[in-house]
Amino acid sequence: MLLRIPQVLDQAHLALFRQRLAGAGWADGKATAGYQSAQAKDNQQLPEDDALARELGGLVLDALGRSPLFFSAALPRKIYPPLFNRYAGGQSFGFHVDNAVRYDRSGGRSEPVRTDLSATLFLSAPEDYDGGELVIEDTYGVQTVKLAAGDLVLYPGTSLHKVTPVTRGERVGCFFWLQSLVSDAAKRRELFDLDRGIQHLTQAAPGHPGLVQLTGVYHNLLRRWAQC
Ligand code: NI
């Protein structure tokens, strides 16, 4: 499932991010790529221990914490600290699959994070650059994603994906992976659909006794499937 989560960051946050990232210490993105993806990867990235990346990454996580849609779709168990990248001057990232497990080394530990879901938060306005589409091969075919600044796309960590060459302007983005409480994508989808149905019914028929049963089913399925 591919899901767009609109307006994760508001205009004030976007302006702050752009201003701070303009003077950031960008480095070669190959530093965090595995052997195979390093062949395909040509971009810039902030180092994982970069103080600015940590600070802005924290703001992204705070914003996601206020998004019921993100929580419902992802059911996050562990989120890898958000990273930042930049493409310009024809840079691209060819087709690859992300590593299955990333080790979060923030805070002096080494915490494995299974990459059930990948996320890209667009920070540049789409009219400010040409190319730079995120192309994802999902089970339902090829999807091309280029979102408004502040919007986020959530997609399966299992998918082949690439970023097409940026031939004008620059494309700055934030990306991260997360481990879900529910590793099975099909089960996670069932829970998401059930939750959305319950939300619709709560609006349409507030106080209906059937909502108590449906909500019970949601939580009892989550209890059976969650890996804490
Ligand atoms: Ni990737």
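Our structure is the block above this text.
To start, this report covers the structure provided alongside it. (Residues numbered from 1 in each chain as written. Predicted model: local features only at pLDDT ≥ 70, side-chain atom pairs only at ≥ 80, totals over all residues. Heavy atoms only, no water.)

1. Comments concerning the packing of helix α5 (residues 185–204) against helix α6 (residues 209–225)
Interhelical geometry of α5 versus α6 gives an angle of 160° and a closest axis separation of 10 Å. In this view, α5 runs roughly antiparallel relative to α6, as classed from their interaxial angle. Considering the relative orientation of α5 and α6, their crossing is left-handed. From α5, Lys 187, Glu 190, Leu 191, Leu 194, Asp 195, Ile 198, Leu 201 and Thr 202 reach across to α6, where they touch Leu 211, Leu 214, Thr 215, Val 217, Tyr 218, Leu 221, Leu 222 and Trp 225. Here the residues of the contact of α5 with α6 are counted per class, giving 11 nonpolar, 2 polar and 3 charged. (Axes fitted to C-alpha atoms, helices over the stretch in contact; angles between N-to-C directions. Helix = DSSP H or I, 4+ residues; strand = E, 2+ residues; numbered from the N terminus. Parallel < 35°, antiparallel > 145°, perpendicular 65-115°, else oblique. Left-handed = near helix turned anticlockwise from the far one by under 90°. Contact = heavy atoms within 4.5 Å. Nonpolar A, V, L, I, M, F, W, Y, C, P; charged D, E, K, R; others polar.)

2. Observations regarding the coordination of the nickel ion
Donor atoms from the polypeptide that bind the nickel ion are His 96 (NE2), Asp 98 (OD) and His 161 (NE2), placed at 2.1 Å. Ordering the donors of the nickel ion by residue number gives the pattern H-x1-D-x62-H. Pair noted here: Asp 98 is in the loop between β7 (92–96) and β8 (101–104) and His 161 is in strand β15 (residues 160–163), with a separation of 63 residues, a long-range link. A relative accessible area of 14% places Asp 98 in the buried class. In this structure His 161 comes out as buried when scored by relative accessible area, which is 4%. (Donors = N, O, S within 2.8 Å, 3.2 Å for Na, K, Ca; no water. Buried < 20%, exposed > 50% of the residue type's maximum accessible area, 1.4 Å probe, protein only.)

3. Observations concerning the environment of Lys 187
Looking at the element boundaries, Lys 187 is found in helix α5. Residue Lys 187 is classed as partly exposed on the basis of its relative accessible area, which comes to 33%. For the pair Lys 187 and Ala 226, spaced 39 residues apart in the sequence, the C-alpha separation amounts to 10.0 Å. When neighbours within four sequence positions are excluded, Lys 187 is seen to be in contact with Val 182 and Trp 225.

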